[in-house]
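# Report on the structure
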Amino acid sequence: MKVSIIIPVYNVAPYIKRCLDSVAAQTYTGDMECLLVDDRGSDDSIYIAREWIASYTGKIRFTIFSHSANQGLSVARNTGIEVASGDYIYFLDSDDAITPDCIKILTDLAVKYPDADFVLGNINNDGVGLENHHFREIVPECVASREQLDYILLSATIYNSWNRLIKWSFIIRYGLFFPVGIVHEDVYWLFFLAKHTQKAAFTNEGTYYYYHNGDSIMNSKAAMASRIHSHGVIIDAFFKDLQLHGSTSTYQRQYFADAFINYMQLLVSFYSLSKWSSFWIRLLRMGWDARKKITLYRSLFFFCTMPPLCILTAFRWWRWRVRNYIIAKI
């Protein structure tokens, strides 16, 4: 079994060596390649990576693929998928690291459950500077039930693409590439991954180190505008899919509801008439698409979710009401 580890590289000079050291320390003895996708950052990340690879003497094949210009995390991951030659793909963020037995644990499960579409590992919180971001409960080792898969993937585990050993053929069959031009791409991607998954394996053992990056600029004005735009794109895609297929699971609607509430909460803190107008138009369009179900109560509900009235999401009772209404009615 050949494994392709995909690492997008962009402005991670302080962390890239730690990441590569963790890959080199793997106890897995099978065929493995590590694909670094240079997304043209402004620091010395890729220079440090090249020096590290030049001094590496192990059997893992490290290769760098460079973009001509910065194109974002989604494109970097998509590039990795396209050039990978492994039977399984593993996404690793360049400011994180993996435990020495990570790939071995996951491949052992993949061998045990060969018809599983992917294997998901837990987060290891035993260390300094690590995020408290792990499974919300103990999950079964293998799941094939549709309802249970939706619950585990969309509610009980981790809303990220990394730390999953995924069949390359599964990604290609369902076109599970990352959406270009948005942030929070993992939120979008996971919804469609869960939708197409027929069987998955899990380990509650921590195999990934998710580090807190103090250099994050996700709360800058430009980043906030990008997050709001991205949530709009995500909401549109989810709603279109849910409307198209009619019958949906409670956990799909719950996932949509959570994304919708996050969208409203971002709008509350961003005073922009253009962003608010985009939300009003989007919400009215959704109401029009569901016009056969329009009632006075629903009209009032929609009105109260629009900015600036969506400031009510600051109150837990209103978030709970919005969430449960969407889950019940969408």
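## Focus on the overall build of the chain
Helix and strand content of the chain: 12 helices and 9 strands. Burial analysis of the chain (330 residues in total) assigns 52% to the buried set. Across the chain, every contact between residues at least 6 apart in sequence was considered, and the portion connecting residues at least 24 apart equals 81%. Total accessible area on the chain stands at roughly 15400 Å², and carbon and sulfur atoms take up 56% of it.

## Thoughts on the packing of aromatic side chains
With the rule as written, the count across this model stands at 21 aromatic pairs. An angle of 10° between the planes, with centres 4.4 Å apart, marks the rings of Trp162 and Tyr208 as stacked. Taken together, the positions of Trp162 in the loop between α5 (146–156) and β8 (164–167) and Tyr208 in strand β9 (residues 200–209) put the pair 46 residues apart, joining distant regions of the chain. Put simply, the rings of Tyr159, Tyr188, Phe191, Phe192, Phe238 and Tyr255 pair up and form one aromatic cluster. Looking at Arg77, its charged tip hangs above the ring of Phe178, at a distance of 5.0 Å from the centre.

## Things to note about the nonpolar core
Ranked by size, the top nonpolar core spans 91 residues in total, and within it Ile5, Ile7 and Tyr90 carry the most contacts. A total of 10 residues in this core trace back to one element, the largest contributor, which is helix α9 (residues 250–268). For Ile5, the contacting residues outside a window of four places in its chain are Val23, Met32, Glu33, Cys34, Leu35, Tyr90, Leu92 and Ile103.

## Observations regarding a nonpolar patch on the surface
A grouping of Trp168, Ile172 and Phe177 is seen on the molecular surface, where their side chains present a nonpolar patch of about 230 Å² in accessible area. Secondary-structure assignment places Trp168 in helix α6 (residues 168–173). Given a relative accessible area of 31%, Trp168 falls into the partly exposed group.

## As for the packing of helix α1 (residues 16–24) against helix α2 (residues 45–55)
Contact geometry of α1 with α2 gives a least axis separation of 9 Å together with a crossing angle of 35°. The way α1 lies across α2 gives a crossing that is right-handed. Judged by residue contacts, Ile16, Lys17, Leu20, Asp21 and Ala24 of α1 engage Ser45, Ile48, Ala49 and Trp52 from α2. Of the residues contributing to the contact of α1 with α2, the split by class is 6 nonpolar, 1 polar and 2 charged.

## Some words on the side chain of Gln254
With respect to the helices and strands, the residue Gln254 is situated in helix α9. Here the side chain of Gln254 touches Ser155 through a polar contact of 3.3 Å, side chain to side chain.

## With respect to the pairing of strand β4 (residues 88–91)
Burial of β4 is two-sided: the residues Tyr88 and Tyr90 facing one way and the residues Ile89 and Phe91 facing the other way are all buried. Looking at chain direction, strand β1 (residues 3–9) and β4 are connected through 4 bridges and run parallel. Bridge assignment links Val3 to a residue of β4, and that residue is Tyr88. Note that β4 and β8 share 3 bridges and pair antiparallel. In the sheet register, Ile89 faces β8, and the bridge partner there is Ile166.

## Looking at the environment of Arg253
In this structure, Arg253 sits in helix α9. Spatially, the C-alpha atom of Arg253 lies 7.0 Å from that of Ile326, the residues being 73 residues apart in sequence.

## Describing unusual backbone geometry
The phi dihedral of Asn11 is positive, around 50°, even though this residue is not glycine. For His184, which is not glycine, the phi torsion reads 55° and is therefore positive. Mapped onto the elements, His184 comes out in the loop between α6 and α7 (185–196).

Calculation rules
Residues numbered from 1 in each chain as written. Predicted model: local features only at pLDDT ≥ 70, side-chain atom pairs only at ≥ 80, totals over all residues. Heavy atoms only, no water. Helix = DSSP H or I, 4+ residues; strand = E, 2+ residues; numbered from the N terminus. Buried < 20%, exposed > 50% of the residue type's maximum accessible area, 1.4 Å probe, protein only. Contact = heavy atoms within 4.5 Å. Areas by Shrake-Rupley, 256 points an atom, 1.4 Å probe, with all protein chains shown as cover. Phe/Tyr/Trp six-rings, centres within 6.5 Å; stacked < 30°, edge-to-face > 60°. Lys NZ or Arg CZ within 6 Å of the ring centre and 35° of its normal. Core = buried A, V, L, I, M, F, W, Y, C linked by side-chain atoms within 4.5 Å. Patch = residues over 30% accessible without salt bridge, like charges linked within 9 Å, V, L, I, M, F, W, Y side chains within 5 Å. Salt bridge = Lys/Arg side-chain N within 4 Å of Asp/Glu carboxyl O. Axes fitted to C-alpha atoms, helices over the stretch in contact; angles between N-to-C directions. Left-handed = near helix turned anticlockwise from the far one by under 90°. Nonpolar A, V, L, I, M, F, W, Y, C, P; charged D, E, K, R; others polar. Polar contact = N/O pair within 3.5 Å; in protein donor to acceptor, adjacent residues only side chain to side chain. Pairing = 2+ DSSP bridges.

Everything listed is a geometric property; what it means functionally is a separate question.
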